[in-house]
Amino acid sequence: MNTRKLGNTLQVSALGLGCMSMTSAYGPAADKQGMIKLIRTAHDRGITFFDTAEAYGPFSNEALLGEALQPIRDQVIVATKFGFDINLITGERGSGTNSRPEHIRAVAEASLKRLRTDRIDLFYQHRVDPEVPIEDVAGTLKDLIAEGKVKHFGLSEAGIETIRRAHAVQPVTAVQSEYSLFWRGPEDGLLAVLEELGIGFVPFSPLGAGFLTGKIDENTQFDACDFRNIVPRFSPEARKANLALVEVVKAVAQRKEATPAQVALAWLLAQKPWIVPIPGTTKQHRLEENLGAVELELTGEDLRFIDEQISRIQVQGDRLPEPALKMTGL
């Protein structure tokens, strides 16, 4: 597995593994032992970068990852997140965010226990808290880093000015946001700022929450607890319209003797050398398929074809429900 660098010092595999879907969001939690096996197989196949959060479950995803990685903890990079208003005893969710310094510290201690580790390699603020100055957040992370409990500071779905202000207090190693051929918002200024500041970028939903695999159409039925049921971009009407985008990816995949998922991931990897996508899966064959993207080289002609074709397509539907959109880009 090739490696890439986030920020100036954090070396990770070119492709990470997003673990959220193993316990939440895309339907019922998957079989625990099966997921432990999948995580360890991912490491055997070269993945060293694993992504979780206290909010996934809540708590159960961190506990799963901690158990799976315990035998190989010193061989991997673990990223987790703080910032939602979650009761650390009951797991009950509040209505919004909480990045008060004392809460960040409490979350860090709880995450360390669940992850069965003495340090968090990359600690993201999951969403910007409008009630807490980002300088206070960055200062708290600076202290945690000085204490050795955290190694690197990250931001998720943060706006450009927030990133600049945070970076001035404590260097930001990575920013995580949605980015794929299904959502190219980061190209509107964010990528340029990250390059300027030397910050790595970790796209989540690099396969458009599964849409870019070509396995979803307007007739697809999602599980009752799958979050895509409330996402405007995944309404049946939007899916039907957006299949035009998938056809572009399929055309390139056929030419390259690859799968649409591999082309979508290879496209992301080709954008910048400091981009590290974190596709998630609960299936061994999907893991293997995704790993194949690292070896897939898209030529300049391939990339131009993709850009030219997709620039003619108006993707339908917002990428998140309205309340969730209001928590991004602050």
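Residues numbered from 1 in each chain as written. Predicted model: local features only at pLDDT ≥ 70, side-chain atom pairs only at ≥ 80, totals over all residues. Heavy atoms only, no water.

Caption draft 1: Seen up close, the sheet that holds strand β11 (residues 200-204). Taken in spatial order, the seven strands make up an open sheet running β3-β4-β5-β8-β9-β10-β11, and their pairing is parallel. At either margin of the open sheet sits one strand with a lone partner, and together these are β3 (17-18) and β11. (Pairing = 2+ DSSP bridges. Helix = DSSP H or I, 4+ residues; strand = E, 2+ residues; numbered from the N terminus.)

Caption draft 2: Quick look at helix α6 (residues 190-197). All of the buried residues along α6 are Leu190, Leu191, Val193 and Leu194. Seen end-on, α6 carries its buried residues on one side only, within an arc spanning 160 degrees. In α6, the exposed positions that point more than 90 degrees away from the buried face belong to Ala192 and Glu196. Looking at the buried side of α6, the elements it contacts are α5 (160-169), β10 (172-178) and β11. Positive backbone phi, at 75 degrees, marks Gly198, one or two positions downstream of α6. (Buried < 20%, exposed > 50% of the residue type's maximum accessible area, 1.4 Å probe, protein only. Arc of directions from axis to C-beta. Contact = heavy atoms within 4.5 Å.)

Caption draft 3: Representation of the side chain of His152. One can find His152 in strand β9 (residues 150-156). If we skip the residues at most four places from it in the chain, His152 touches Thr9, Leu10, Ile120, Asp121, Leu122, Phe123, Ile145 and Thr173.

Caption draft 4: Representation of the nonpolar core in the model. Ranked by internal contacts, the top residues of the largest apolar core, which has 60 residues, are Phe123, Leu155 and Phe201. Considering every element that reaches this core, the biggest residue donor is helix α8 (residues 260-271), with seven residues. Contacts of Leu155, omitting those with residues within four sequence positions, involve Tyr124, Gln125, Ile134, Thr162, Ile163, Ala166, Val172, Ala174, Val175 and Gln176. Counting 20 residues, the second largest nonpolar core, distinct from the first, contains Ile72, Val78, Leu287 and Leu291. (Core = buried A, V, L, I, M, F, W, Y, C linked by side-chain atoms within 4.5 Å.)

Caption draft 5: Representation of the environment of Thr90. Considering the arrangement of structural elements, one finds Thr90 in the loop between β6 (84-86) and β7 (93-97). What makes Thr90 exposed here is its relative accessible area of 55%. Along the sequence, Thr90 and Pro58 sit 32 residues apart, while their C-alpha atoms lie 9.5 Å from each other. At a separation of 3.1 Å, a polar atom in the side chain of Thr90 contacts the main-chain amide nitrogen of Glu92. (Polar contact = N/O pair within 3.5 Å; in protein donor to acceptor, adjacent residues only side chain to side chain.)

Caption draft 6: Just the packing of aromatic side chains, in detail. In total, this model carries eight aromatic pairs according to the counting rule given. A centroid spacing of 6.0 Å and a plane angle of 85 degrees characterise the contact between Phe182 and Phe234, whose relative ring orientation is edge-to-face. You can see Phe182 sitting in the loop between β10 and α6 and its partner Phe234 sitting in the loop between β11 and α7 (236-256), a full 52 residues away along the chain. Among the residues examined, Phe234 registers a relative accessible area of 5% and is labelled buried. Aromatic ring contacts, followed pair by pair, group Phe182, Phe211, Phe222 and Phe234 into a single cluster. (Phe/Tyr/Trp six-rings, centres within 6.5 Å; stacked < 30°, edge-to-face > 60°.)

Caption draft 7: Geometry of the pairing of β9. The element β9 is largely enclosed, with a buried count of six among its seven residues. Where strand β8 (residues 120-125) lies against β9, five bridges are found, and the strand directions are parallel. The residue bridging Gln125 from the neighbouring strand is Leu155, located in β9. Crossover connection from β8 via helix α4 (residues 134-146) to parallel β9: handedness right-handed. Relative to β10, β9 runs parallel, the two being bridged by four bridges. Bridge assignment links Phe153 to a residue of β10, and that residue is Val172. Handedness of the crossover is the feature at issue here: the chain leaves β9, passes through α5, returns alongside β10, and the resulting connection is right-handed. (Right-handed = clockwise from strand over helix to strand, strands pointing away.)

Caption draft 8: Structural context of the pattern of salt bridges. By the definition in use, this model includes 26 salt bridges. For Arg45, the salt bridge goes to Glu288, with nearest N and O atoms at 2.7 Å. Taken together, the positions of Arg45 in the loop between α1 (32-44) and β4 (49-51) and Glu288 in helix α9 (residues 284-291) put the pair 243 residues apart, joining distant regions of the chain. Between Lys256 and Asp302 there is a salt bridge, with its nearest N and O atoms 2.8 Å apart. Here the residue Lys256 occupies a position in helix α7, and Asp302 occupies one in helix α10 (residues 300-310), the gap between them amounting to 46 residues. Given a relative accessible area of 24%, Lys256 falls into the partly exposed group. (Salt bridge = Lys/Arg side-chain N within 4 Å of Asp/Glu carboxyl O.)

Caption draft 9: Representation of the side chain of Glu157. Structurally, Glu157 is set in the loop between β9 and α5. A polar side-chain atom of Glu157 sits 3.0 Å from a polar atom in the side chain of Arg319. Apart from residues lying up to four places away in sequence, Glu157 is in contact with Arg127, Gln176, Ser177, Glu178, Phe204, Arg319, Leu320, Met327, Thr328, Gly329 and Leu330.

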